[in-house]
Amino acid sequence: LADFFDALRGLIKEEKIFKEFSNEEKQNIILKLKNYIDLKLYDKLFPFNETTQDIFFYRKCQRLSFIRPENIKGMKIKLEDNKWEIAINALKEINEKFSPIDKINCMAKCQKILLEAISFSMGKDNLGFEDIIQPFIYAMIKSCPKNIISNYNYCELYLIDILKKKDFGITLSQFNLIINLIKEMKYDELVGITEEEFGKDEIEEITK
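Keep in mind that this is a model prediction, so the values were computed, not measured.

Asks: Please clarify how the packing of aromatic side chains should be interpreted in this entry.
Replies: Scanning the entire structure with this criterion turns up eight aromatic pairs. Ring centres of Phe 136 and Phe 175 lie 6.3 Å apart, and the angle between their planes is 55 degrees; on these two criteria the pair is classed as tilted. Taken together, the residues span a long stretch of sequence, with Phe 136 in helix α6 (residues 133-143) and Phe 175 in helix α9 (residues 167-183) at a distance of 39 residues. The buried category is assigned to Phe 136, whose relative accessible area is 0%.

What follows is the structure, encoded as structure tokens:
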């Protein structure tokens, strides 16, 4: 597929019909074609069944879905419930998208919502990803996403290289960081949550 898209990109750059197009217009054409092809191939490329890691992550988030923002260690901001809901719903949309670009845009949308809400509540500008790590963790847990590991792997595998070097690749890496932080999370990384309330990560039971 990578070789195919490289050839396609080369044809679009060289064909006479595209000579009058700007580089930006050619790039947009390439991305639209890529999205269209991803849509048509989705049922052949995306795993039909949930993986063990998908189930593990979903069950862990479901088990911890009772937490509140104040239970996240290091959480320094308070947002209105509707702001949280908008960010959480952005993550839930990932399973409704079919191309790596559209899935990553859902991740970026969640980040943007959180950044804007935090910037407004704190009266600060120039915030970065580190300012939303704790809020992003909370939004991810509350969204109880299904197939999240498969979604990440799909995006990592089929996102074209030229986009991996841009914001899409950065967003995907940040998303993976949040996934891993939740996967490895222990009860003492939360505030006011006992070991009993946290429960156990028993991935062995999933494989039985």
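Asks: Any chance you could explain helix α1 (residues 2-14) here in plain terms?
Replies: Side chains three or four residues apart in an α-helix point the same way, a direct result of the helix having 3.6 residues per turn. Compared with an ideal rise of 1.5 Å per residue, which puts 13 residues at 18 Å, α1 spans 18 Å between its outermost C-alpha atoms and is within 8% of the ideal. Taken together, the buried positions of α1 are Phe 5, Leu 8, Arg 9 and Ile 12. All buried residues of α1 lie within an arc of 100 degrees about the axis, which places them on one face of the element. Exposed residues on α1 whose side chains face more than 90 degrees from its buried face are Asp 3 and Glu 14. Buried residues in α1 make contact with α2 (23-45) and α8 (161-164).

Asks: Can you help me understand the packing of α2 against helix α5 (residues 100-122) in this one?
Replies: The relative placement of two packed helices comes down to the angle between their axes together with the axis-to-axis distance. α5 packs onto α2 with a crossing angle of 100 degrees between their chain directions and a minimal axis gap of 8 Å. Relative to α5, the element α2 lies roughly perpendicular. Of the residues in α5, those touching α2 at Leu 31, Lys 34, Asn 35, Asp 38 and Tyr 42 are Pro 100, Ile 101, Asp 102 and Lys 103. Along the lines of polarity and charge, the residues of the contact of α2 with α5 split into four nonpolar, one polar and four charged.

Asks: Sorry, what's going on with the pattern of salt bridges here?
Replies: Side-chain pairs of opposite charge can arise whenever the charged atoms involved come near each other. Going through the model one piece at a time under the given rule, you end up with seven salt bridges. With its nearest N and O atoms 2.8 Å apart, the salt bridge here joins Asp 38 to Lys 34. Within this pair, Asp 38 and its partner Lys 34 are both found in helix α2, separated by four residues, close to a single helical turn. Taking the relative accessible area as the measure of exposure, Lys 34 reaches 4% and is therefore buried. Here Lys 164 ties to Glu 156 by a salt bridge, and the two come within 3.7 Å at their closest N and O atoms.

Asks: Sorry if this is basic, but what is going on with the side chain of Lys 103 here?
Replies: In this structure, Lys 103 sits in helix α5. The buried charged residue Lys 103 lacks any salt bridge, with Asp 102 as its nearest oppositely charged partner at 9.1 Å. Side-chain polar atoms of Lys 103 contact the backbone oxygen of Lys 97, separated by 2.9 Å. Ignoring any residue separated from it by four or fewer positions in sequence, one finds Lys 103 in contact with Tyr 42, Phe 46, Ile 94, Asn 95, Lys 97, Phe 98, Asn 151, Tyr 154 and Cys 155.

Definitions and limits used
- Throughout this description, residue numbers start from 1 for each chain and increase along the sequence as written.
- Whole-chain, interface and lining totals are the exception, using all residues; otherwise, since this is a predicted model, local features are given only for residues with pLDDT of at least 70 and side-chain atom pairs are given and counted only at 80 or more.
- Computation of side-chain values: all heavy atoms of the structure, hydrogens and water removed.
- Only centres within 6.5 Å qualify two rings of Phe, Tyr or Trp (six-membered ring in Trp) as a pair; their planes then separate them into stacked at under 30 degrees, edge-to-face at over 60, and tilted for everything else.
- Numbering of helices and strands starts at the N terminus; helices are DSSP runs of H or I of at least 4 residues and strands are runs of E of at least 2.
- Accessible area is worked out with a 1.4 Å probe on protein chains only. A residue is then buried under 20% of its type maximum, exposed over 50%, and partly exposed in between.
- By this rule, a helix spans an expected 1.5 Å times one less than how many residues it contains.
- What the arc describes is the spread of directions from the helix axis to the C-beta atoms.
- By the convention used here, residues are in contact when the closest approach between their heavy atoms is within 4.5 Å.
- Lines are fitted to the C-alpha atoms to define the axes, a helix being fitted only along its stretch in contact, and any angle between axes, read from their N-to-C directions, falls within 0 to 180 degrees.
- An angle counts as roughly parallel when it lies under 35 degrees, as roughly antiparallel when it exceeds 145, as roughly perpendicular when it falls between 65 and 115, and as oblique in every other case.
- Classification used: nonpolar for Ala, Val, Leu, Ile, Met, Phe, Trp, Tyr, Cys and Pro, charged for Asp, Glu, Lys and Arg, polar for all others including Gly.
- Salt bridges are identified by distance alone: a Lys or Arg side-chain nitrogen within 4 Å of an Asp or Glu carboxyl oxygen.
- We score Asp and Glu as negative and Lys and Arg as positive, and we do not count His or the chain ends.
- Identification of polar contacts relies on pairs of N or O atoms within 3.5 Å, with a donor-acceptor requirement for protein atoms, meaning one able to donate a hydrogen and the other able to accept it, and with residues adjacent in sequence counted only if both atoms are side-chain atoms.

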